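# Commentary on secondary and tertiary structure
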Amino acid sequence: MNLKHKQQLIRNALKEDIGRVDITSRILIPPREKLKAEIVLKEDAVIAGLDIAKMIFKTLNKAVVFNAKCMDGSFQKAGKVIVKLQGNARAMLSAERTALNFLSHLSGIATLTEKFVSAALPYKVKIMDTRKTIPGLRELQKYAVRMGGGYNHRGGLWDGVLIKDNHIAASGLRPRALNLGELVRAAQRESPKSLKVEIEVKTLREFKEALGAGPDIIMLDNMKIADIRKAVKIRRVTQGACHKTLLEVSGGVSLNNAREISATGIDIISIGALTHSIKAVDMSLEVIS
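An account of the accompanying structure is given in this report. (Residues numbered from 1 in each chain as written. Predicted model: local features only at pLDDT ≥ 70, side-chain atom pairs only at ≥ 80, totals over all residues. Heavy atoms only, no water.)

Across its full length, the protein carries eleven helices and twelve strands. Of the roughly 15,000 Å² that the protein leaves accessible, carbon and sulfur atoms contribute 54%. Side-chain charges of the protein comprise 47 positive and 29 negative groups, with the mean position of each set lying 3 Å from the other. (Helix = DSSP H or I, 4+ residues; strand = E, 2+ residues; numbered from the N terminus. Areas by Shrake-Rupley, 256 points an atom, 1.4 Å probe, with all protein chains shown as cover. Lys, Arg positive; Asp, Glu negative; His and termini not counted. Charge placed at Lys NZ, Arg CZ, Asp CG, Glu CD.)

Below you can see the structure in the form of structure tokens.
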């Protein structure tokens with residue numbers, strides 16, 4: 001996310017929360033009152049979002065001192081002071097909730113991502129996000145995934161071809177009983193060579209059709225683990241050990257089965273839950289007396 005986009009996002013978020021005025025701070029706190037405070041973790045977490053939190057405080061008052069006590073991507077224990085703050089009291093309290101909302105949300109993404117990454121060890125599987133993100137926050141959410149040790153899937157519809165079931169249905173190919181490989185080959189011909197071509201399949205029959213065209217990635221959507229193993233074996237027989245086509249598993253993935261799925265020999269696990277239904281990390285800003 002470029003600086004201008006980030007600044008606009010911050011301004012919008014602060015306007016949403018403060019509105020015309022932080023009336024409580026205005027009534028109770030003298031304009032030049034100074035304050036010291038800390039942001040404290042209430043639970044173990046992987047941290048993400050320190051930079052945007054700093055920008056939020058400094059947007060309201062450039063003189064606020066924001067002293068991060070750890071780095072994005074680091075694992076911290078409950079009770080850890082992750083930030084020390086000092087500056088104008090009104091500005092700090094007006095920025096508090098907006099800064100914590102970003103910091104706790106992004107840290108939640110990084111924390112869950114790290115759990116999936118750990119669950120996939122020691123297998124060489126990439127844990128990836130999806131496009132199931134909060135509108136306007138995709139770049140920040142994908143940044144948080146990286147901070148948790150994960151990888152980013154497509155940034156949007158422009159930077160990769162992903163043929164999904166609705167594309168197949170809308171194209172009218174299925175009623176004419178055309179092979180999915182033909183759809184892959186059409187995408188390979190028409191798309192820029194720099195873009196990867198991926199197709200989603202739901203059955204082993206569809207998988208075999210698609211594999212024959214040699215796409216860059218085949219997504220195994222909501223397949224049973226037994227069928228995932230069969231798909232890996234088919235690829236090995238068809239393409240050999242130095243296979244061209246990567247296999248991605250999506251749908252039905254949880255921390256309970258991530259290791260078993262990783263052990264099948266697939267290359268990628270994509271998980272929408274990393275960004276679309278995340279639990280925020282519990283943290284708070286506490287005034288130092």
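Moving on, we get to the nonpolar core. Residues Ile39, Phe57, Ile82, Leu85, Ile218, Leu220 and Ile266 are the most contacted members of the largest nonpolar core, which totals 79 residues. Residue contributions to this core peak at 14 residues, all from helix α4 (residues 89-120). Leaving out residues up to four positions away in the same chain, Ile39 has contacts with Phe57, Lys80, Val81, Ile82, Val83, Leu85, Leu100, Leu103, Met283, Ser284 and Leu285. (Core = buried A, V, L, I, M, F, W, Y, C linked by side-chain atoms within 4.5 Å. Buried < 20%, exposed > 50% of the residue type's maximum accessible area, 1.4 Å probe, protein only. Contact = heavy atoms within 4.5 Å.)

What follows is about a nonpolar patch on the surface. A cluster of nonpolar side chains, Val21, Ile23, Ile27 and Leu28, forms an exposed patch at the surface whose accessible area comes to about 400 Å². Within the element layout of this structure, Ile27 appears in helix α2 (residues 23-28). (Patch = residues over 30% accessible without salt bridge, like charges linked within 9 Å, V, L, I, M, F, W, Y side chains within 5 Å. Salt bridge = Lys/Arg side-chain N within 4 Å of Asp/Glu carboxyl O.)

Here we have four strands laid out as an open sheet, ordered β3-β5-β1-β12, and antiparallel in their pairing. Edge positions in the sheet fall to β3 (65-68) and β12 (283-287), since each of these pairs with one other strand and no more. Here the average twist between neighbouring strands, direction ignored, is 20 degrees. Here helix α3 (residues 50-60) sits on the sheet in contact with β1 (34-41), β3, β5 (81-88) and β12, set at roughly 165 degrees to β3. (Pairing = 2+ DSSP bridges. Axes fitted to C-alpha atoms, helices over the stretch in contact; angles between N-to-C directions.)

Our next topic: the sheet that holds strand β11 (residues 268-270). Within the open sheet, the six strands sit side by side as β6-β11-β10-β9-β8-β7. Their pairing is parallel. Only two strands of the sheet have a single partner each, and these edge strands are β6 (126-128) and β7 (161-163). Put simply, the sheet's adjacent strands are angled 25 degrees from each other on average, direction ignored. For β6 and β11, the ladder comprises three bridges, and the chain directions are parallel. Bridging from a neighbouring strand, Met128 pairs with Ser270 of β11. Along the sheet, helix α9 (residues 225-239) contacts β9 (217-221) and β10 (246-250); its crossing angle with β10, the most-contacted strand, is approximately 170 degrees.

Packing of helix α1 (residues 3-18) against α4 leaves a shortest axis separation of 10 Å and a crossing angle of 125 degrees. Relative to α4, the element α1 is oriented oblique. Judged by the sense of rotation from one axis to the other, the crossing of α1 with α4 is right-handed. Contacts between α1 and α4 involve Leu9, Ala13, Leu14, Asp17 and Ile18 from the former and Ser94, Ala95, Arg97, Thr98 and Phe102 from the latter. Taken together, the residues that form the contact of α1 with α4 break down as six nonpolar, two polar and two charged. (Parallel < 35°, antiparallel > 145°, perpendicular 65-115°, else oblique. Left-handed = near helix turned anticlockwise from the far one by under 90°. Nonpolar A, V, L, I, M, F, W, Y, C, P; charged D, E, K, R; others polar.)

Right, let's get into α1. Since one α-helical turn is 3.6 residues long, residues separated by three or four positions face the same way. Here α1 contains 16 residues, and its C-alpha end-to-end distance of 22 Å stays within 8% of the 22 Å for a straight helix at 1.5 Å per residue. For α1, every residue scored as buried is listed here: Lys6, Leu9, Ile10, Ala13 and Leu14. All buried residues of α1 project into a common sector of 130 degrees when viewed along the axis, lining one side. For α1, the exposed residues lying more than 90 degrees away from the buried face are Lys4, Lys15 and Glu16. (Expected span 1.5 Å × (residues − 1). Arc of directions from axis to C-beta.)

Attention now goes to the environment of Ala186. Looking at where Ala186 falls in the secondary structure, it is placed in helix α7 (residues 180-190). Counting along the chain gives 51 residues from Ala186 to Pro135, while the straight-line C-alpha distance between them is 31 Å.

Here we come to unusual backbone geometry. Residue Leu121 is joined to Pro122 through a cis peptide bond whose omega torsion reads 5 degrees. With a phi angle near 55 degrees, Asn222 is a residue other than glycine that sits in the positive phi range. With respect to the element layout, Asn222 can be found in the loop between β9 and α9. Residue class for Asn222 comes out exposed when judged on its relative accessible area of 53%.

Structural measurements only, silent on function.
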